[in-house]
Structures are given as structure tokens and as C-alpha cells.
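Residue-level structural notes
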Amino acid sequence: MLERCLQIVTTPGAVPRDQAEANVCRLAGMIVDGRYPVAGKRLSDAAATYFADHPEQQVPSAEVARRGWIINAPRLRTRLERLLGG
């Protein structure tokens, strides 16, 4: 998922391919926005694009970890910020 988030950040027009990616992108966009606002916006916008066609697939942030799409939000933040920082 981390690599996919990075692809979405760095590839113009890239969008999530499925429910898991979209929900992880939405959460990732929220948690990196403070330090990496451009990346946060790209992730959030990509997720919003996906959810415009599949609104029933959006789940609460806590559900993203419960479903096993990420281990936990702090770890997602740390690893994604490390990737975004170069």
C-alpha cells in the first residue's frame, strides 16, 4: 500500500484501483497533510475521485486498520513520510 500511495502522489491522474487503496489513500492524505500538503492533497483528491463513483465503499478511518489494509495509522505516517522525504 505504501508503494501504491507513493505512485498516486507522483503520477498525475493516478487513482486508487479498489476499495482498500481508496480508503488507505484517504487516511494517508489526512495524516501527511501537515508535513507534506501537496502529497496530502493528491492522496485525498485521488480517494475522492474513487469515492465519487463508489460512495458505499468508504469506511471510517478506524476501519482501515481493522480490515488489515494497514497495521496502524502512526506506522503508516512514519513510513509514508520517510518515502516522501526522499
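My aim in this report is to walk through the structure given alongside it, one point at a time. Starting afresh in each chain, residues are numbered from 1 along the sequence in its written order. Confidence filtering applies because this is a predicted model: local features only for residues at pLDDT of at least 70, side-chain atom pairs given and counted only at 80 or more, and all residues used for totals across whole chains, interfaces and linings. Water and hydrogen atoms play no part in the side-chain values, which are based on all heavy atoms of the structure.

A look at the packing of helix α1 (residues 2–10) against helix α2 (residues 19–32)
Selection criterion: The axes are straight lines fitted to the C-alpha atoms, using for helices just the contacting stretch, and the angles between their N-to-C directions are given from 0 to 180°. Strands here are runs of E lasting at least two residues and helices are runs of H or I lasting at least four, both read from the DSSP assignment and numbered beginning at the N terminus. We call two directions roughly parallel when the angle between them is under 35 degrees, roughly antiparallel when it is over 145, roughly perpendicular when it lies between 65 and 115, and oblique otherwise. Any two residues whose heavy atoms approach within 4.5 Å at even a single point are treated as in contact. We call Asp, Glu, Lys and Arg charged. Ala, Val, Leu, Ile, Met, Phe, Trp, Tyr, Cys and Pro are nonpolar, and the rest, Gly among them, are polar.
Two numbers describe how α1 lies on α2: the axes approach to 10 Å, and their chain directions differ by 70 degrees. One finds that α1 runs roughly perpendicular with respect to α2. Between α1, through R4, C5 and I8, and α2, the contact on the second element is made entirely by E21, V24, C25 and A28. By residue class, the composition of the contact of α1 with α2 is 5 nonpolar, no polar and 2 charged.

Section: the side chain of R26
The line we're drawing: Buried, partly exposed and exposed residues are distinguished by accessible area as a fraction of the type maximum, computed with a 1.4 Å probe on protein chains only: under 20%, between the cut-offs, and over 50%, respectively. We treat Lys and Arg as the positive residues and Asp and Glu as the negative residues; His and chain ends play no part in the count. Whenever Lys or Arg places a side-chain nitrogen within 4 Å of a carboxyl oxygen from Asp or Glu, that contact is recorded as a salt bridge.
Its place among the elements puts R26 in helix α2. Buried and without a salt bridge, R26 has E63 as its closest oppositely charged side chain, separated by 9.8 Å. The residues contacting R26, other than those within four sequence positions of it, are S44, A47, F51, Q58, V59, P60 and S61.

Details of helix α5 (residues 73–84)
Selection rule: A helix is expected to span 1.5 Å multiplied by its residue count minus one. This arc is built from the directions going out from the helix axis to the C-beta atoms. Under the rule applied, a polar contact is a pair of N or O atoms within 3.5 Å (in protein, one hydrogen donor and one hydrogen acceptor; residues adjacent in sequence only if both atoms are side-chain atoms).
In this model α5 runs 16 Å from its N-terminal to its C-terminal C-alpha over 12 residues, within 8% of the 16 Å that 1.5 Å per residue would give. Residues L76, L80, E81 and L84 constitute the buried set of α5. The arc that holds the buried residues of α5, viewed along the axis, is 115 degrees, so those residues lie on one side. Across α5 from its buried face, at more than 90 degrees, point the exposed residues P74 and R82. For α5, the secondary structure elements touched by its buried residues are α1, α2 and α3 (37–53). The opening residue of α5, the one whose side-chain oxygen lies 2.7 Å from the backbone nitrogen of R75, is N72. Once α5 ends, the next one or two residues include G86, with phi positive near 100 degrees.

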